[in-house]
Amino acid sequence: MADPVILAAIVLVAGLLMYALFAGADFGGGIWTALAFGPRAREQREALFNAIGPVWETNHVWLIFVIVTLFTAFPAGFGNLFVVLMTPLVLALVGINFRGAAFAFRHFGRESKKETPVSARVFEIASVLTPFTLGLAVSATAAGRIVIAGHMPTEHVSAWLNPFTLLGGVVGMAICAYLAPVYMTVRVTGSLQEDFRKESLIAGLALGILTSLMIPLAHYQAPLFAERLFNSWPMLFVMLAILTGVITESLLWLRRYFWAQLMAGATIVFTMAGFIAALNPDILIGQLTLRAAAAPHTTLVAFLAVLPIGALILVPSLVYLYWTFRGEPSTDMPPAGKGGGQGAPPP
Amino acid sequence: MDDLLAARALMGVSLAFHIVYATIGIGLPLLLMLAEGLALKTGDEEWHEVARRWIRPAAVLFAIGAVSGTILSFELGLLWPKFMVFAGPMIGLAFSMEGFAFFTEAIFLALYSYGEQRLSRRAQFFCTVPMVVASAISAVFVISANGWMNTPSGFRMVNGVASDIHPLVAFANQAWPHQAVHGTFAAYVATGFAMAGFYAADLLRGRKTTQVKKALTLSLAVGTLALPLMLMSGDWAAEALAEHQKAKLAAAEAHFKTMAAAPLVIGGWPDPETGTVRYAIKIPKLLSYLANGDANSVVQGLDAFPLGSTPDPRIVHPFFDLMVGSSFVMAAAAAWFWWLRWREKEVTLKRGALILVLIAAPFGMIALESGWMVTEFGRQPWIIQGYLRTSEAVTPNGGLLLIFATFLMVYLALSVGILRLLLRPQGRGEEGEEGEEVLHG
């Protein structure tokens, strides 16, 4: 039987990847709503908004999955991380909150034809703030500035706010900004598709440059992380990320959107896998190993035993969800009754 | 306000806020399922219309519930890291299982609410079934974690460290069954009455359509049927408290002195200095009877526990009375409504009865919130009863007052937004047009 600590870590990483892919595209939708340009900016915003509608709540649940897995399987990691990263996590939380609320309000407002510009702005700002602060928090675990002395550390600004984590935050935003337009290319047609293709190409380039900058910066700012990244197999993931990134850009250039979408997902998976592999075997680099942070054996076994049962219900449900809402996003404004909902007088 | 108080206040406000949305997330799917089921069974399209109109506010409320739930999961670490390091291995399983259930609910809610154009009517109905099941299960699972805080089990303390951990034993802790059953029925009661109130208000405003009458009948029926089940499970909960959480029961009942043939204290103001309850109504022997099924049995009072290890009856007792009292308001309103419904063979339009339903509407939620206060304040000063004090569990970080203030603003902003959306005349027929003047883009 495999080591439950490793298995639980795999579950945690898988949850994180799912969150990055699905919520990433989702946040990216908000970022591109803010950045939309060109003659069809309004149509782009509409399409992004409609595509996010049915799936944002589900995408968002992956974060809860990650948090719950963290405190169930790695309680000491959870405790320490949430103490030292309090400020960026609070900011992320504020962003998540306002984003969800603004989205729901905006949706609801549009149905009742009372859309407010405030909720649209809040939605955009929160879509930028959240991936930035989450990227900041995640990269802080690799920066090596956090020192756990004694039982519970206290928060230090320099532990999470330094050049490495700032760039990490920007990479977090870039990941989202990259996934969203690629996701949209297979969902729209015509000139709108061309718009999203252009955005994908730009975002891909930006992501490539930013992650490349991350590596030399790590050398000076996060030496332990850089050492592990360069000197062993995590480098393989970096290579794969570069390769899939280049393939994605080429496919986008050739307008092979279906394959471009898959390759874009792979790029993010490999980028994050490289990061996580360089963190391994720690949860907090140089300070706290996964094994030291792990829950007792009995808990891990119970947790891992429950997972397949959950997956048995979840996986088909998720497939059904994405299959139902595949293709072009509906422009009609659900959820409403026949005749346009509450507003319409009975026929 | 010191950091501990700020942390407690923030957790309290967050939960109080979340509970409203979580409750609707449990109750509303049942109403949706019943309405869609009735539409399929009777072929009466109006039932479907009733359901589709609920989805509109439901989508907003579910969304707020999801984000406020995320706040809570973060706050567990941000405010109570030491508690989570201790408790994570034991209650994490409950949260994991709850997570799956909640995930399922979110998926099928999205399918149901956005799938009108893409799914058949039968498929829409079938989407409501996993919503009902998953939302009830998620309540039952997550309540296990709270139950464990009240009656911790599934581990042994060895030199101050929890060892010999059995997560399933912790999951099935003693307080779980009665809390889970009581809490879930309370959610159905709260949603049923709250919804009924909205429709009673509609009828009072002269919107006397058959749809409104149907919706009122269905939501009040759910609330009414769940009410006695909630009361029975409450009685079960009280008996369980008498056995396993004696200090909480004593605080809830403002029962200061251990005695035989203990009276039931209703209302009044507990005074810990003198150990008496001023201005209270006392019913002889009833507490002994309710707690132990024997009118002459001994019930432990707050004096049976070491000083400083018991909850404050000045907080717990009034909330307990408020919880119990709320159910009588609802019972009275329901009884009058159904009596008239039966006599008139039609949904009554009598103002008195409708006003009473309207008055009773918030009391389900009031009962739920105050019941939760009883559970939480009734456990103080412990975060894990008998093992870890709340004061020992709080984060070492300072500045919690600032975070409390930040989130207070967040909640205020959300509440104002929700109220603006839900309470403004939302384009209801004729009234809608005037609202459209404020239209932007």
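By the naming in an unreviewed UniProt entry, chain B is Cytochrome bd menaquinol oxidase, subunit I, taken from Citrifermentans bemidjiense. Per UniProt, the comment on chain B under Subcellular location (unreviewed entry) is "Cell membrane".

In the annotation of an unreviewed UniProt entry, the entry for chain A reads Cytochrome bd menaquinol oxidase, subunit II, and the organism field reads Citrifermentans bemidjiense. Chain A has a UniProt comment under Subcellular location (unreviewed entry) that states "Cell membrane". A UniProt comment under Sequence similarities (unreviewed entry) is attached to chain A, and it reads "Belongs to the cytochrome ubiquinol oxidase subunit 2 family."

Draft legend 1. Spatial organisation of the overall build of chain A. Tallying secondary structure elements over chain A gives 14 helices and two strands in all. With respect to the three principal axes, the spread of C-alpha positions in chain A is 70 × 40 × 40 Å. Buried positions account for 61% of the 347 residues belonging to chain A. Long-range pairs, those at least 24 residues apart, make up 80% of the contacts in chain A with a sequence separation of at least 6.

Draft legend 2. Here's a closer look at the environment of Ala106 of chain B. Position of Ala106 of chain B among the secondary structure elements: in helix 3 (residues 81–114). Ignoring anything within four residues of it in the chain, the contact list for Ala106 of chain B reads Thr58 and Val61 of chain A.

Draft legend 3. Structural detail: the nonpolar core. Within the largest apolar cluster, 242 residues are counted, with the highest numbers of intra-cluster contacts made by Phe74 and Phe225 of chain A together with Trp54, Phe83, Trp148 and Phe407 of chain B. With 21 residues, helix 3 of chain B is the largest single contributor of residues to this core. Not counting chain neighbours up to four residues away, the residues in contact with Phe407 of chain B comprise Val90, Leu93 and Val94 of chain A together with Leu10 and Ile71 of chain B. Of all hydrophobic cores here, the second largest spans twelve residues; its members include Phe256, Val277, Leu302 and Val374 of chain B.

Draft legend 4. Spatial organisation of the confidence of the model for chain B. Residues and elements named next belong to chain B. This prediction gives chain B a mean pLDDT of 87; 96% of its residues lie at or above 70. Highest mean pLDDT in chain B belongs to helix 12 (residues 363–377) (94); lowest belongs to helix 15 (residues 430–435) (35). In the model, residues 427–441 has pLDDT below 50 throughout and makes 21 contacts with residues more than four positions away in sequence or in other chains. In the predicted complex, the global pTM is 0.87; the interface-specific ipTM is 0.86.

Draft legend 5. Spatial organisation of helix 4 (residues 121–150) of chain B. In a regular helix each residue adds 1.5 Å, so 30 residues correspond to 44 Å; helix 4 of chain B covers 44 Å between its end C-alpha atoms and thus fits that length. Taken across its 30 residues, helix 4 of chain B has 22 buried, putting it largely inside the fold.

Draft legend 6. Quick look at the pattern of salt bridges. Scanning all chains against the criterion turns up 17 salt bridges over all chains. Three or more residues joined by partner-sharing salt bridges are found here, namely Glu194, Arg197 and Arg255 of chain A.

Draft legend 7. Expanded view of the interface of chain A and chain B. Across the boundary between the two partners, chain A contributes 79 residues, which contact 79 residues of chain B. Each partner contributes to the roughly 7300 Å² buried at the junction of chain A and chain B, and carbon and sulfur atoms together form 72% of this total. At the boundary of chain A and chain B, one finds zero salt bridges. In this structure, the connection of chain A to chain B is made through seven residue pairs in polar contact (both at pLDDT 80 or more). Only helix 3 (56–73), helix 4 (75–84), helix 5 (86–111) and helix 14 (297–324) of chain A provide two or more residues apiece to the side of chain A that touches chain B. When residues of the side of chain A that touches chain B are assigned to their parent elements, the largest contribution, 16 residues, is made by helix 5 of chain A. Counted by class, the side of chain A that touches chain B contains 46 nonpolar, 22 polar and eleven charged residues.

Draft legend 8. Representation of the packing of aromatic side chains in the model. Tallied over the entire structure, the rule returns 27 aromatic pairs over all chains. On the numbers, 6.4 Å between centres and 90° between planes, the contact of Phe325 of chain A with Tyr114 of chain B is edge-to-face. Of the two residues, Phe325 of chain A is situated in the segment after helix 14 and Tyr114 of chain B in helix 3; the pairing between them involves two chains. For Phe325 of chain A, a relative accessible area of 12% translates into the label buried. The exposure class assigned to Tyr114 of chain B is buried, which follows from its relative accessible area of 13%. Chaining the aromatic ring pairs together yields one cluster made of Phe71, Phe78 and Phe82 of chain A together with Phe74 and Phe95 of chain B.

Draft legend 9. Focus on a nonpolar patch on the surface. On the surface, a nonpolar cluster with roughly 230 Å² of combined accessible area is contributed by Val157, Leu161 and Leu166 of chain A. Residue position: Leu161 of chain A is located in the loop between helix 7 (157–160) and helix 8 (163–185).

Draft legend 10. Local environment of the packing of helix 1 (residues 4–35) of chain A against helix 3 of chain A. All names here are of chain A. Across the interface, helix 1 lies against helix 3 with an axial gap of 8 Å and an inter-helix angle of 155°. For the element pair helix 1 / helix 3, the angle class is roughly antiparallel. Relative to helix 3, helix 1 is oriented so that their crossing is left-handed. Contacts between helix 1 and helix 3 involve Ala8, Val11, Leu12, Gly15, Leu16, Met18, Tyr19, Phe22, Ala23 and Asp26 from the former and Trp56, Asn59, His60, Trp62, Leu63, Phe65, Val66, Thr69, Leu70 and Ala73 from the latter. Taken together, the residues of the contact of helix 1 with helix 3 break down into 15 nonpolar, four polar and one charged.

Draft legend 11. Seen up close, unusual backbone geometry. Backbone torsion omega between Asn280 of chain A and Pro281 of chain A reads 5°, so that peptide bond is classified as cis. Take Pro281 of chain A: it is sitting in the loop between helix 12 (257–279) and strand 1 (282–284). A positive phi angle, close to 55°, is found at Asp164 of chain B, a residue other than glycine. Even without glycine at this site, Lys285 of chain B takes up a positive phi of about 70°. With respect to the helices, strands and loops of the structure, Lys285 of chain B is situated in the loop between strand 7 (281–283) and helix 9 (286–292). According to the relative accessible area criterion, Lys285 of chain B is partly exposed, its value standing at 38%.

Parameters and conventions
Residues numbered from 1 in each chain as written. Chains lettered and ligands numbered in written order. Predicted model: local features only at pLDDT ≥ 70, side-chain atom pairs only at ≥ 80, totals over all residues. Heavy atoms only, no water. UniProt positions renumbered as here; feature names shortened; annotations may be inferred. Helix = DSSP H or I, 4+ residues; strand = E, 2+ residues; numbered from the N terminus. Buried < 20%, exposed > 50% of the residue type's maximum accessible area, 1.4 Å probe, protein only. Contact = heavy atoms within 4.5 Å. Core = buried A, V, L, I, M, F, W, Y, C linked by side-chain atoms within 4.5 Å. pLDDT = per-residue confidence, 0-100. Expected span 1.5 Å × (residues − 1). Salt bridge = Lys/Arg side-chain N within 4 Å of Asp/Glu carboxyl O. Buried area = accessible area lost by both parts, 1.4 Å probe. Polar contact = N/O pair within 3.5 Å; in protein donor to acceptor, adjacent residues only side chain to side chain. Nonpolar A, V, L, I, M, F, W, Y, C, P; charged D, E, K, R; others polar. Phe/Tyr/Trp six-rings, centres within 6.5 Å; stacked < 30°, edge-to-face > 60°. Patch = residues over 30% accessible without salt bridge, like charges linked within 9 Å, V, L, I, M, F, W, Y side chains within 5 Å. Areas by Shrake-Rupley, 256 points an atom, 1.4 Å probe, with all protein chains shown as cover. Axes fitted to C-alpha atoms, helices over the stretch in contact; angles between N-to-C directions. Parallel < 35°, antiparallel > 145°, perpendicular 65-115°, else oblique. Left-handed = near helix turned anticlockwise from the far one by under 90°.

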